[in-house]
Amino acid sequence: MKKLHQSLKQVFNMAISGLGSHYISLFLYVVFATFLHKGKTSVQGQNLVTNNVSVVEGETAIISCRVKNNDDSVIQLLNPNRQTIYFRDVRPLKDSRFQLVNFSDNELLVSLSNVSLSDEGRYVCQLYTDPPQEAYADITVLVPPGNPILESREEIVSEGNETEITCTAMGSKPASTIKWMKGDQPLQGEATVEELYDRMFTVTSRLRLTVSKEDDGVAVICIIDHPAVKDFQAQKYLEVQYKPEVQIVVEFPEGLTREGENLELTCRAKGKPQPHQINWLKVDDDFPSHAVITGSDLFIENLNKSFNGTYRCVASNLVGEAYDDYILYVYDSRADGAPQKIDHAVIGGIVAVVVFAMLCLLIVLGRYFARHKGTYFTHEAKGADDAADADTAIINAEGGHNNSDDKKEYYI
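Keep in mind the model is a prediction, meaning the values are calculated, not measured. (Residues numbered from 1 in each chain as written. Predicted model: local features only at pLDDT ≥ 70, side-chain atom pairs only at ≥ 80, totals over all residues. Heavy atoms only, no water.)

## Looking at the state of the cysteines
Thinking step 1. Tallied over the entire structure, the rule returns 3 disulfides.
Thinking step 2. The residue that forms a disulfide with Cys-65 is Cys-125, at a sulfur-sulfur distance of 1.8 Å. Measuring the twist about the S-S bond at about -75 degrees, one finds the Cys-65-Cys-125 disulfide to be left-handed. Here Cys-125 lies in strand S8 (residues 121–127) and Cys-65 lies in strand S3 (residues 61–68), a separation of 60 residues in the sequence.
Thinking step 3. The class for Cys-65 is buried, based on a relative accessible area of 0%.
Thinking step 4. Each sulfur in the disulfide pair Cys-267 and Cys-313 lies 1.8 Å from the other. Around the S-S axis, the bridge from Cys-267 to Cys-313 shows a dihedral of about -80 degrees and counts as left-handed. Of the two residues, Cys-267 sits in strand S20 (residues 263–272) while Cys-313 sits in strand S24 (residues 309–316), which places them 46 residues apart along the sequence.
Thinking step 5. When its relative accessible area of 0% is taken as the criterion, Cys-313 is described as buried.
Thinking step 6. Here the cysteine-cysteine linkages of the protein chain are recorded as 1-2, 3-4, 5-6, numbering only bonded cysteines and doing so in sequence order. (Disulfide = S-S within 2.5 Å. Helix = DSSP H or I, 4+ residues; strand = E, 2+ residues; numbered from the N terminus. Buried < 20%, exposed > 50% of the residue type's maximum accessible area, 1.4 Å probe, protein only.)

Have a look at this one:
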């Protein structure tokens, strides 16, 4: 049978070589292939496989028909309308975007360039066996979205207020997914999906957030997630207005404020927009008559204790106002280093008390041990050591019982 197949094949090739029409040749080849496989049982182990393809619109798709253990059966590729694209290595379809990449007994590899949405569908790999085998390759065309459109409800926001930012990804297939980031912090938006023609989609995501002064200059990023594109994003920098931050700095003196000396204070205020007004006042009292205010600076000469009190710097801008306080306490003119002397006196007093307590403890302990560790000496039975017996010892004992009144006891 195999020899007959090869012989008929040679006859067919000789026949079609003399024909002038390409389509007549193709027709004869189909008839020839059908004749060869008519009544023939399918070959065990012969397997036809292909793969699904995803391709971005405008790019090139590769369609592969592969046969395992082919017995010289004919392979052809059909489009979704069941029209023959390639029959072996012959292309009857007049679409030049289809080109043969490789052809052998085991593979038919075809490329489709400049893919459009109309090319999407199920392609058929067909093997002429009895019965014929088919495998299906689904081509999915991906359409990337246009450049993301980022819009804000207001360009400038005051701290503590809410703002809304929208991001739109137009005309994609499939629908895009939109993510949000503020700096390196992920945020959650609210998305709406609108379906257009040919399974195209437009996605809009709305982000609402309450801003603080720390958000000024921070980037809000809209990230588009789609299989046809990578790193597709747009960003907007927040512009946040906030009330002033106020700090009073002592320019002079460096140490204590003493009678007869001068005091110079500077009020530093920062805000957005910059503070347009800075005022000095004395809390719950009249301002010293000879105090001099120059812009943000306060100067008071020849201090005395009547100037004691709280001095306040108030700064304001379009968002609001804020203040900082300085408490003035005027020391006596001889108070140079007074805090250090007070500290040394306290420390000296504590040390004296501790030393005195330790001395008292030592005296008490000395007397206690001396009282309980004394030695006792008596003259009772003196001379009894030389007596021959006990009776003699008693008689010879100095004083005996008769001298018991003379016994003395010594305490050391």
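What follows continues from the structure just given.
## Remarks on the nonpolar core
Thinking step 1. Membership of the largest hydrophobic core comes to 24 residues, with the highest contact counts inside it found for Leu-77, Ile-85, Phe-98, Leu-108, Tyr-123 and Ile-139.
Thinking step 2. Within the residue set of this core, elements represented by two or more residues are strand S2 (53–56), S3, strand S4 (75–78), strand S5 (84–87), strand S7 (107–112), S8 and strand S9 (133–142).
Thinking step 3. Those residues in contact with Ile-139 that lie beyond four places of it in its chain are Val-53, Val-55, Ala-61, Ile-63, Asp-119, Glu-120, Gly-121 and Tyr-123.
Thinking step 4. By size, the runner-up hydrophobic cluster in this structure holds 19 residues, among which are Ala-269, Leu-298, Ile-300 and Cys-313. (Core = buried A, V, L, I, M, F, W, Y, C linked by side-chain atoms within 4.5 Å. Contact = heavy atoms within 4.5 Å.)

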